Structures are given as structure tokens and as C-alpha cells.
Amino acid sequence: MKNNLYKLAQVAKKQAFTRWSAKTAVAMLLGMLCVLSGAAQAQTGNAITGKVSDKQGALPGVSVIEKGTSNGTTTDTEGKFTLQLSAGAKMITVSSVGYLAQDVDVTNKSNVEVTLAEDQKTLNEVVVIGYGSLNKREVSSAITHLSSSDLLRVGSNNPLMAIQGKVAGLSVTNTSAADPNSSPNIQLRGASSRSAGLGPLYVINGIPGGNIDNINQNEIESIDVLKGGAASAIYGTRGSNGVIVITTKKGSAESRLFYDGYTTFDYKTNELSVLSKESFLANKRGVDFGGNTDWMKEVSRQPSFSHKHTLQFSGGNGKTNYFSSVDFRDANGIDLRAAKREYGGRVNINHTTANDKFALTFSVAPRYAKTSDADYSGFNYALTLNPTVSVRDSAGRYNYINSGFFANNPVENAKSVVRDSEIKFLDINGSAKWNILDNLNTTVTFGEVSRSARRYWFTPSNITTVINGNGRNTARQFLDENDQKSLEWLGNYFLDLNKHSIKLLAGYSYQYFTNSGFDAANEKFPSDVLTYNGLGTGLWNLEKGINGVGSYKNTSKLIAFFGRVNYDFDQKYYLSASLRREGSSKFGYDNKWGYFPAASLAWRVTQESFLKDIPWLNELKVRADYGETGNQDFDSYKSLDTYGGYGYYPFNGSPYQVWGPNQNTNYNLRWEKAVNFNAGVDFELFSSKINGSLNYYVRTNKDLLGNYNVPNPPNIQGQTFANVGTMRNTGVELQLNATVVNKADFSYNLGITGAWNDNKFVSFSNDLYKGQKFIDVVGMPAPGSPGTIQRLQEDQRIGGFYALKSAGVNDDGALLVYNRNGEIVPANEANNDDKQFVGNGLPKFTTGITNSFKYKNWDLSVFLRGAFGYKLFNTYAFYLGTPAAQENANVLTSAYDGSKYSKLTSTSTYSSLSDYFLEPGGFLKIDNITLSYTQPLKSKFMQSARIYATTRNLATFTKFTGGDPDLIQVNGLYPGVRINGDNNGTLDYYPSTTQLLLGLQLTF
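Turning our eyes to something else, we now look at the packing of aromatic side chains. In the structure shown here, the tally under the stated rule is 35 aromatic pairs. Arranged with centres 4.5 Å apart and planes meeting at 5°, the rings of tyrosine 748 and phenylalanine 853 form a pair that is stacked. Here phenylalanine 853 lies in strand S46 (residues 845-855) and tyrosine 748 lies in strand S38 (residues 746-763), a separation of 105 residues in the sequence. The exposure class assigned to tyrosine 748 is buried, which follows from its relative accessible area of 17%.

What follows is the structure in C-alpha cells.
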């Protein structure tokens, strides 16, 4: 009893805190901002005058600030300035974009002359590449570098949501961002495979295959996206989808303590609107049960509340330093069940011996998460349930609902059915570097990346669907474990000889992967008390003579030898060439090993004498690269003779497991091959106030992996997993940054990314497998068995909608379409032969626009994101948006609001797929706004305090009427239609939300 009272008290406390936070947090934030911004002003001192120049003359618009304050001014057209100093001021800071900032001593001075030197910082910025790093000026392939300051502030489950829209050509989408357990789908430069993985390779602190879910955004120092084939070819069979290199923070000689904490509130937005009780009855949609229920409200938390806290401390000296981070996150979804509570940490240690001969690094990152899975079906039910049905009956019990489009009580399900998980991560890596000579070193790196996920399912016996159904409670447990061990050796040699510079790299890599797991299930337990913890007490398996247990284990190896040479002549011409020879145990006997060559060239044109005298052109670099990469992201043993179970056969009263070959052997199985070409230009203009890059790429993916139809017999199975098909992506990418205003008190910086992508599925055949020209994909669900909505076909873009072409609606409310002869007929009189390509779900253009403003201690960032030139299939309108929808089920308001969907009153054409339900998917979002105030402090206890507020997904401008267009996937092979894990259409729905995030950062 005591425990129950404690739990009730905690729930009430949390609910009260959520209500209090939603109403008062903004007011508190503004109050704290006012207190900080109202810090006492220093007394006025003497005035200082001066002039600022560079080697070519006076510099206008230069920032002159009293050091340690926000008191400042800018130079006029003649480079002159006057600044009233505070009492006791000793130093001013003179700075301008494209020049090195300079501190000037003004003690007892009334006038100063300052000459600024050009800043090569942007060119000397370190860019991490495969197995090394380069200065930005040395890069000859397509690489985008992001520092921690470039990341968006988002309260999300995955740190890569922070780079959404920041990298041209990198698509980051999450169709259920308000689910705290969801992860984004990442795709670089379009889809690249049929059945192998489409996501990039993650390299975390030098370990290929790192776990992106085990990183706290606050731990990230930089992210480098290797887009060009020459950059990613060094990773061989895993480089086809690009490489994302993540470097975490390291310690320094300066001792530092940092705290970051925030709370988030998520509110539903762009909701699908359904009929109210009055409209439901007025349009005779179903029986009146006497209630009045807003089912969307009943299955939602409004708002959902989350909070996260990070504490980081670092320090050391010139030879040994450390960085440590611990974090805690407690997050809830917008549905009633989704939740995630996680604890994580990271320790990075670096040590260099006194003679600088040896350098050691060690990093360990554990993480533990307890989750409850979101109930996506609950929103399906909420859209279609009769609004006159109450959640509970007159006795207070949950109502049993067995009629309608989706028959269930979603509130009861969400609160009674258990779908929990425990997830454990552990990343360990270390390295030992020996500096043999000043220009020769060797490094050995080891790493282990492991993940263990245990899932717990339980459906109790006392919920209405079980009581009125089979009466059996059910329980199940799953365990999935993944482990990756790696050992790598690198050797580096450097040589600078007059105008010549050479860097040589040689390496060896060994990685061993193990995947294993088990599951066990049972039913008909004598009690609900043990939930999933007493699987052996269930009677069902015993009564039916089944064991209800399964397990698996598979392993694979990757071994590689690689080398690279980087040559630089006079910091003007750059050449890079690499070769990787790699073997994988997944491939067939004759294809275990492969070669992956790459080469790139760059020419810094502005280093030539004929361009050096152009004052507005600071940097112009032209580059081109070629590289061959692979993709081996598929299951182990696909090339081997394997056996599997074919059920049970009774013999002499006992069941015996039947075994036999379960796949067609393919000894020729090999990696997918991608041939990449990239041409680009990097530029800096007008004293580096404008800088950016432009890239054009062609990527041809050959030997695509997938199941191919074969005759049976002679084959054992009707499909063979084989390398068949070719796909090509071409595109143009723009990355642009501009300093629009740079005054003493105010600055405005603009960043723009733009990516144009075109795709063609070139071929479905090769020399061995011929004849297949297309496959119909994305089967749409019941009711009505409407068939498939898309087709993958040779010489067509992926995402092609293949359906009937509509010709309007007749007087009877039936859909009219064109048949193959061009005649207009009712849709129910057409067949598959009348289908044609009627649109495409792959965006042609995507963009991100970052606006960064700074006024004294205030910072404001406004980020816009958009996608254009594609169609979306409005699944909800097709099933729920017309008067012809199933009776006794609620429908969208579009069925009776006079829209085009309200005209479809005839049930005869209800299940006919056509472009009548295709809508423009293009959108522009006000995606992220962050306002912050930073107050430097002179306290011995604290260096600075920063308070910030962020809104995510504030507004969406679109013609799409099916809710937020971001909820429909545009990555992968089937863009433009909402699909499930089996790549078929689904009505699963998880609402979009607007997120309010309030945070505090303290530096000690």
C-alpha cells in the first residue's frame, strides 16, 4: 500500500511539474535573461582613436572592441575609428573577416595604428579524412566539414538530427521525430542499392562502424562528411553510401567544467482532422453510442515532456589531458506509451611521453537505456473510431470496441500492453603511436563496439480484447547482441623538399563481427503478476507440443591492406591517390577479394600570378576526383549452402524437425560496386566574406544486390540473392556561406545549402540473369486489396508512381480514369494493363538556409529547410478521406468539406489506385529557431552563463493536405509513400510536433 501511494504521489508530482513548466518556464527564462542583461555597466574612461590598415591600405568596417566587454565600434571608409573606453581599460581587440584578430595595448595611449595580417584560418582548418587529416587547402575531394558550433540545437534521440539540412546532398529524415526511440534515416547523394544497406559508414574516433546511438551531441567536436568517391574509397567495401567521420572532444591543459541542461515540450501540429460527433452523426457515418470522445486527444500526451542533463569536465597539462562527459535523459513520446530513460558517459585520455616519442590514447563510452516502444497503431484507431463511443463504460471499465475500420481500444492498449526494452552500449578504443623520426610514425589502433538489446513483450489477460477473444495472456522475450572488434595499423611518412611536399600512408585493417540472439514466447499463464518473467509457467506450448524458442548466431570478417599518397607542389597543385585491397567472408568463393582505387586532383588557381592581383578573389580551387567503392551491407552466409527448418513431421506419435536447403547457392556473390566521379570548385570572395563550394557528381552503382526470380526447378527456391542491376545518380550541390553584416555590436551570417539530384534505374539484368525489366512494389493494405502503387523499371527514376491516370469524377461519384487506349472509363472497369507512370516521389531539389544573428551578448539562429519537385501519395485521403470509406468508421473532414475528395461518393471505385490522390509534396519549413543570451562572468567560481530557447518545426508551408509532408519518407527505394518495415504501404501514423526547448549552459 505504501509503495502504491508513493507511485501515485510521484505521478501527481510529475503531472503538476509538467503543467507548471509549460506555463511558467518561458516567463522564468525571460526573467533570467533580463537579470543577466542588466549587469552593471563600467564607469566611462578615456577615448581612443586610431586607424586600421592591411598591406594594401585602409580597411573600412573593421570591428574594434574593448577586450572583455561588448563596448565597441567599427572603422569608417578611411579605416579610422574613435572608441570611448571604460575606466581602467587596457586592451582593445581589432578583428575583421579574412584577417587575424589582433589585441592592442592602449594603456596611456590616445591614438594607435594597427596593421592586420590576412587570415589563412579557413584554408588551414583541419578536415578529417579517412585514416588521417588535412588542412582545408589540401583537400582535393568533396568533403563537408562541420564544427560543433554548426550543429542545430535539437532535443532528439540521435545527434545526426542536428545536421539536418546542413550538408548539401545529405538527406536526414525522421518520420516520427516526436518518438523518443526513433532514429533518422540517413542517405547521401540518393539511393544506391536494392537490398543492401543505404546508409553511410560511421567512423567514430577513427573506428569504422562506430555506433551513432552512443554519442551525446555535446561530446561532438566535429563532423566530416566524405561525399566524393576518392575520399570514401579508402574504406573499400563500405564506402559506397558515403562516410561520416565523427570526432569527439578531447581535453586540454586548461581545466574546465561545463554543464548543459534543457527541457522540451512537444505539441502536436499539422494534425489530420476528423469529423466531430455532430458531423459524424449528421453525415450518417455510423451508430450513435451516446458518447462524445476526441480520440486523438485521448491517445496523446499534450504536451509530451522531456529533459536532458550533461556534465563535462576536462583538464591536464601539456603531456597528459582528459575529457569526461556524463549525461542523463528522460524523454516521453507524444503517444501514451513511448518513453526512454538513458544514462551515458565518455572518457577520453591522451598522453604523450616526455621525449614526444610515444603518444597513447584511450576512450571508453558506456550507455544504458530503458525504453517503452511507441504505440503507432493508437493514432490509426484514433482517426477512425466512432466518436460516440466512450473510452470507458458506465462501470468505469474500458469499452470493448469490435466494430469499425480499426477495432480496438487504443487507450487500453497503450496503458496495458507492455513493449519494453533494455539496451546496453559499450564502445572502447585506444591507440599507441610511435614517432620514429620527425617525419615518420606508426600507429596501432584497437577498438570494440558492442550493443545488447533485450526486449520484453506482455499482453495481460484482463484487457477487453483478450477477455472477448482467446482469453490467453501472452509474453515474449528477445535478445539481440552485436559485437565488432577491430585492429588496425597505420604508417605515415612526410617529406618537405623546397616546393615539394609528400605524405605517404600505408595500413592494415582487421574487423570481426558477431551477431547473436534468442527469443522465447509462451501463452496462457496462470497469473499476470510475473508478466514476461515466468515464460516457463505458461501452458500453451506444452498443450500444443511446441517449444516456442529460437536462437541465432552469425559472424563475418573484413581484412584490408591500403595505401595513399598525397603530393603538393608549391601549395598550388595537389594530387592524392589511394588503393585498398579488401576481403570479406560474406562473398562467394571466387570473389572474396577486391581492389578499390581512387585519385583526385586540385589546383589553387589563385596561387597563379595572373590571379593574385584580383582584390575581390581570395581563393579559387578547382578539383576533380574518381573513386571506386563497394557495399557489403547484407546478411552473412548468403553465398553458401545453408539449411533451415521446414516445420515438423509426426512419426510414431512424435514430432520431428524437418530440415532442408533454404536458399539457392550463389558462389559468385560479390560486393556492389560504385564508380564515382566528382568535379568541384571551392571559393572565397571579398575578403573571405563569401565562401563556398560547388560540386557536380555522377555515381553509377553496378552489381546491385537483390533477390532475382529464377525457375523452380532446377533451382531449389524461386529466388536467388544475386548481383543484378545498375543504378545511376547525378547531381549538383551548392554550399554557400556569407558574412552579410559585421559590425562591432551586430553581425549577420547566412548559410545556404542546395542539392539537385536525378536518378535512373539503368538495368535489371546482366549476362547471367536476363529478362526482368521491372518489379511492382509497395503493396497497399486492406481494405479493398488495391494492389501496388509504385514500379521499379529500367530507364526510370526510382519512386515512380505506377497507377491509373484519373479523368475526374462522374455524376454518380465514381472515379473516372483513362484506359490504355486513352478512353475514359470508370476506375472499377480498368485493370493493371491500364496503369501508367503518373508521378514521382523523389525530390528534385532540397535546401537548407541558416540565418545567424548576433547583437552584443544575444544570439539568434533561424534555420529554414525545404524539398521541392515531387509528389506524395495521400494514403489517409485514399482510405479515410472520402464519403465512400467503410461505414461505422470516422473519416477525415476532407470527405465532406467540398474538396475534391468529397466528390468520391461511390463505393464501386473506392479501392482504385490513381493519381487522383497524388499531391505536390514540396514544402518549406521554419525548422529551427534558437535565441540565446550569454553573460561572461568575472566570478572566481564561474566563467560564463548561457540561457537559450529553441523551437523546432515551427511552421510548414506546403500544398500537401495529408498532414506534415515530413512524415512521409523520401529516402530509400520507395520515396513518396508511407511504408512499413516490409516496404509496403501502411496507415501507421505518428503526429508531427512543434518542440519548445529551454536550456541553460554554465562554464566553470
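There's more to say after this.
Spatially, four strands are ordered S4-S3-S6-S7 in an open sheet, and the strand pairing comes out antiparallel. Every other strand in the sheet has two partners, leaving strand S4 (72-74) and strand S7 (102-105) as the edge strands with one partner each. Neighbouring strand axes in the sheet, compared pairwise and without regard to direction, differ in orientation by 20° on average. As paired strands, strand S3 (residues 63-66) and S4 are joined by three bridges and run antiparallel to one another. Looking at S4, one finds that serine 63 is bridged to threonine 74.

Another aspect to go through is unusual backbone geometry. Cis rather than trans, the peptide bond between glutamine 302 and proline 303 has omega equal to 0°. Tracing the chain through its elements places proline 303 in the loop between helix H5 (295-298) and strand S19 (304-316). Cis geometry marks the peptide bond from alanine 782 to proline 783, where omega comes out at 5°. Relative to the helices and strands, proline 783 is located in the loop between strand S39 (774-780) and strand S40 (787-793).

Turning to the sheet that holds strand S17 (residues 243-248), a few remarks are in order. Reading across from one edge, S11-S16-S17-S14-S15 is the order of the five strands in this open sheet, with mixed pairing throughout. If you trace the sheet from one side to the other, it starts and ends with strand S11 (143-147) and strand S15 (207-208), each paired once. Relative to S17, strand S14 (residues 201-204) runs parallel, the two sharing four bridges. In the sheet register, valine 203 faces S17, and the bridge partner there is valine 245.

As a further point, take the pattern of salt bridges. Per the counting criterion, the structure on display carries 37 salt bridges. A salt bridge links lysine 621 to aspartate 682, with the shortest nitrogen-to-oxygen separation between them at 3.7 Å. Of this pair, lysine 621 sits in strand S30 (residues 617-631) while aspartate 682 sits in strand S33 (residues 672-685), placing them 61 residues apart in sequence. Using a relative accessible area of 4% as the deciding quantity, one classes lysine 621 as buried. For aspartate 682, the salt bridge identified is with arginine 623, shortest N-O distance 2.9 Å. Placement of aspartate 682 in strand S33 and of arginine 623 in strand S30 is noted, with a sequence separation of 59 residues between them. Here aspartate 682 and arginine 623 have matching classes, each one buried. Through salt bridges that share partners, Asp327, Arg329, Glu342 and Arg367 make up one connected network.

Quick look at helix H6 (residues 377-384) now. With seven of eight residues buried, H6 lies mostly within the body of the structure. Looking at the packing, one finds that the buried side of H6 touches H5, helix H7 (410-416) and helix H10 (875-880).

On average, the chain scores 87 in pLDDT, and the residues at 70 or more come to 94%. Confidence over residues 1-43 falls short of pLDDT 50; this stretch has 33 contacts with residues more than four positions distant or in other chains.

Where strand S22 (residues 358-372) meets strand S23 (residues 418-437), 15 bridges bridge the pair, whose relative direction is antiparallel. Bridging from a neighbouring strand, alanine 359 pairs with lysine 433 of S23. In this sheet, strand S24 (residues 440-459) lies alongside S23 in antiparallel orientation, the contact comprising 19 bridges. Note that in S24 the partner of isoleucine 423 across the bridge is alanine 453.

The next thing to look at is a nonpolar patch on the surface. Taken together, the side chains of Leu257, Leu311, Phe313, Tyr322, Val326, Ile349, Phe362, Val444, Phe446, Leu487 and Trp489 make up a nonpolar region of the molecular surface, amounting to roughly 880 Å² of accessible area. For the nonpolar patch, the secondary-structure elements that each account for two or more residues are S19, strand S20 (320-332), S24 and strand S25 (474-497). Position of leucine 257 among the secondary structure elements: in strand S18 (residues 256-269).

Attention now goes to the side chain of aspartate 427. Along the polypeptide, aspartate 427 turns up in strand S23. Here aspartate 427 occupies a buried position and makes no salt bridge, while the nearest side chain of opposite charge, arginine 346, is found at 4.8 Å. Reaching out from aspartate 427, the side chain makes a polar contact with the side chain of asparagine 214 at a distance of 3.4 Å.

Reading the values: the criteria
- Residues numbered from 1 in each chain as written.
- Predicted model: local features only at pLDDT ≥ 70, side-chain atom pairs only at ≥ 80, totals over all residues.
- Heavy atoms only, no water.
- Phe/Tyr/Trp six-rings, centres within 6.5 Å; stacked < 30°, edge-to-face > 60°.
- Helix = DSSP H or I, 4+ residues; strand = E, 2+ residues; numbered from the N terminus.
- Buried < 20%, exposed > 50% of the residue type's maximum accessible area, 1.4 Å probe, protein only.
- Pairing = 2+ DSSP bridges.
- Axes fitted to C-alpha atoms, helices over the stretch in contact; angles between N-to-C directions.
- Salt bridge = Lys/Arg side-chain N within 4 Å of Asp/Glu carboxyl O.
- Contact = heavy atoms within 4.5 Å.
- pLDDT = per-residue confidence, 0-100.
- Patch = residues over 30% accessible without salt bridge, like charges linked within 9 Å, V, L, I, M, F, W, Y side chains within 5 Å.
- Areas by Shrake-Rupley, 256 points an atom, 1.4 Å probe, with all protein chains shown as cover.
- Lys, Arg positive; Asp, Glu negative; His and termini not counted.
- Polar contact = N/O pair within 3.5 Å; in protein donor to acceptor, adjacent residues only side chain to side chain.

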